[in-house]
Amino acid sequence: MEVTHQQIIDKLVTARIALLLKHPFFGNLATRLKIVNADDWCPTAGTDGRYFYYNTKFIDSLNPKETEFLFGHEVLHNVFEHMMLRIGDRDPQIWNIAADYTVNQILKDYDIGDMPTGKKGENKGFQDDKYKDWTAERVYDDIYKQAKKNGKEFMDKMGKLLDDHSVWDGEGQPNESKKGKGQKGKNGKPSYSKEELKKIKDEMKEAMISAAQSTGAGNLPGSIQKMIKDLTEPKM
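Residues numbered from 1 in each chain as written. Predicted model: local features only at pLDDT ≥ 70, side-chain atom pairs only at ≥ 80, totals over all residues. Heavy atoms only, no water.

Asks: Now, about the overall build of the chain: what can you tell me, with residues and values included?
Replies: Of the regular secondary structure elements, the chain holds 9 helices and 5 strands. Counting helices and strands in the order they occur from the N terminus, the chain gives α-α-β-β-β-α-α-α-α-α-β-β-α-α. By the burial criterion, 47% of the 236 residues in the chain qualify as buried. Sequence separation of 24 or more characterises 60% of the internal contacts of the chain that already satisfy a separation of 6 or more. Accessible surface computed for the chain: about 12,400 Å², of which carbon and sulfur atoms make up 51%. (Helix = DSSP H or I, 4+ residues; strand = E, 2+ residues; numbered from the N terminus. Buried < 20%, exposed > 50% of the residue type's maximum accessible area, 1.4 Å probe, protein only. Contact = heavy atoms within 4.5 Å. Areas by Shrake-Rupley, 256 points an atom, 1.4 Å probe, with all protein chains shown as cover.)

In structure tokens form, the structure reads like this:
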């Protein structure tokens, strides 16, 4: 039987409530994201810092704990500003993989949901304890060296991302000719100017501080604790 739109929304809302109860910081940040259907361009799920985009079939394929993991995954991409200009002139494919390694490791370490698995039971995402406490930039450098040494074949064997990062680049790339909010690109995919990305970044910082205050910074992963400290303590 085909799943209904309301069933998918109920599933996503239930996952956010579960995060609020078990991991309040993540739940607070997940709840602020507006849920938007993106079947016409998104094969899985994604975020731009304001919205949680989803594909109906993909969400239907997840169990409750995998849906919680997915929300935690998108929240951490926002926290670490992976979709912002942090990528610089790096290779987008390798950067996307490095970003996923970073957030998935934190979710595993803090027991936030379950990483989605494929039909054969293998993880549908990138995770390696080797990268524990590494920044996305450091992971990127490590993967880049391996790719340079082993060539295209190495990248072909890397696998697929858990979520869709195309909102960060391509049609979702910051567009200087579009000064308004969340301008639409191809197939309704959002496209932002640098000014709008800065607004999203500032909104995210305020949301992080608020969520940390209501949760207690001591209950957060160390890398996030450091970010909150940097945001709230004045610098000499």
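Asks: Before we move on, can you summarise the sheet that holds strand β1 (residues 34–37) with the specific residues and values?
Replies: An order of β1-β3-β2 is seen for the 3 strands of this open sheet, with the pairing classed as mixed. Two strands close off the open sheet at either side, each with one partner strand: β1 and β2 (45–47). The average angle at which neighbouring strand axes cross in this sheet is 25°, direction not considered. Packed on one face of the sheet, helix α4 (residues 64–79) meets β2 and β3 (51–54) and runs near 30° to β2. (Pairing = 2+ DSSP bridges. Axes fitted to C-alpha atoms, helices over the stretch in contact; angles between N-to-C directions.)

Asks: Which residues make up the pattern of salt bridges, and what values go with them?
Replies: One pass over the structure, following the stated rule, counts 11 salt bridges. Here Arg50 ties to Glu203 by a salt bridge, and the two come within 2.9 Å at their closest N and O atoms. Residue Arg50 is located in the loop between β2 and β3, and its partner Glu203 is located in helix α8 (residues 194–215); the two are separated by 153 residues in the primary sequence. Residue classification places Arg50 among the buried residues on the basis of a relative accessible area of 15%. Across the pair Lys130 and Asp142 runs a salt bridge, and its minimum N-O distance is 3.0 Å. Taken together, the residues Lys130 in the loop between α5 (92–109) and α6 (136–150) and Asp142 in helix α6 connect sequence positions 12 residues apart. (Salt bridge = Lys/Arg side-chain N within 4 Å of Asp/Glu carboxyl O.)

Asks: Now, about the packing of helix α1 (residues 5–22) against helix α2 (residues 24–31): what can you tell me, with residues and values included?
Replies: The N-to-C vectors of α1 and α2 enclose an angle of 145°; their axes lie 6 Å apart at closest approach. Judged by the twist between their axes, the crossing of α1 over α2 is left-handed. Contact with α1, carried on its side by Arg16, Leu19, Leu20 and Lys22, involves Pro24, Phe26, Gly27, Asn28, Ala30 and Thr31 of α2 and no other residues of that element. The residue makeup of the contact of α1 with α2, split by class, is 5 nonpolar, 3 polar and 2 charged. (Left-handed = near helix turned anticlockwise from the far one by under 90°. Nonpolar A, V, L, I, M, F, W, Y, C, P; charged D, E, K, R; others polar.)

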